[in-house]
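Analysis of the macromolecular model
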Amino acid sequence: WDGHVFIFKSDNHEKGNFVGKAPVQVKGVSVERLKDTDISFPADVKDLQAYLHDGGVIYFVVHISNESGHTIYYSVLLPFDIIKLLDKAEGQETKTITLKIFPKEDTLAITRIFLDFIIDKRKQACNLLGHTYSLEDLEKSGVEIECLSIEFSTFGLKKENIGKYFLNRDWY
């Protein structure tokens, strides 16, 4: 880990306003041309195992170009995601992860990324030692799902943007 981002309820960084901390890993890559699409990056399997034991990490890769600046990419890796990666990494030293462009100009989106990480990390804490099942796993095993409810909280969203937020994030 390269550090942590500490989240507080307000600009007042008193202990009473502390929400949580998100561990971060940062990698830099020199590139000729910057991309405006998702990227792939090889993550060390031993690192993924360590992130799993710690409850997850927000993984950053920065593409640096001498001609056109830099682009920051990120991937939120929570236990559920890491377990899926490790299940497919048998005998491999690295596993490819997909990273999205980091919304560096959108303060609310950045805040949601870190706050959602903390909330979802807490939801998944009890599953670190057990098996986590996806909806696909349950369906394949014959489990019939009669009802599904998803609870989420957010802030700073306008009513017309809730659908986009709902469709563009991972749910745990």
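The structure this text deals with has already been given above.
Rules used in this analysis
Residues numbered from 1 in each chain as written. Predicted model: local features only at pLDDT ≥ 70, side-chain atom pairs only at ≥ 80, totals over all residues. Heavy atoms only, no water. Helix = DSSP H or I, 4+ residues; strand = E, 2+ residues; numbered from the N terminus. Buried < 20%, exposed > 50% of the residue type's maximum accessible area, 1.4 Å probe, protein only. Contact = heavy atoms within 4.5 Å. Areas by Shrake-Rupley, 256 points an atom, 1.4 Å probe, with all protein chains shown as cover. Pairing = 2+ DSSP bridges. Axes fitted to C-alpha atoms, helices over the stretch in contact; angles between N-to-C directions.

1. Structural notes on the overall build of the chain
The helix and strand tally for the chain stands at five helices and six strands. Its helices and strands in sequence order give the chain the pattern β-β-β-α-β-β-α-β-α-α-α, from N to C terminus. Across the 172 residues that make up the chain, the buried fraction comes to 34%. Long-range contacts, defined as pairs at least 24 residues apart, comprise 65% of the intrachain contacts of the chain with a sequence gap of at least 6. For the chain, the computed accessible surface area is about 11600 Å², with 51% contributed by carbon and sulfur atoms.

2. A look at the sheet that holds strand 5 (residues 69-77)
The six strands are arranged 1-2-4-5-6-3 in an open sheet whose pairing can be described as mixed. Two strands lie at the open edges of the sheet, namely strand 1 (3-8) and strand 3 (39-44), each paired on one side alone. Taken pair by pair, the neighbouring strands of this sheet meet at an average axis angle of 40°, ignoring direction. The pairing of strand 1 with strand 2 (residues 18-30) spans six bridges and is antiparallel. Bridged to Ile 7 within strand 2 is Gly 20.

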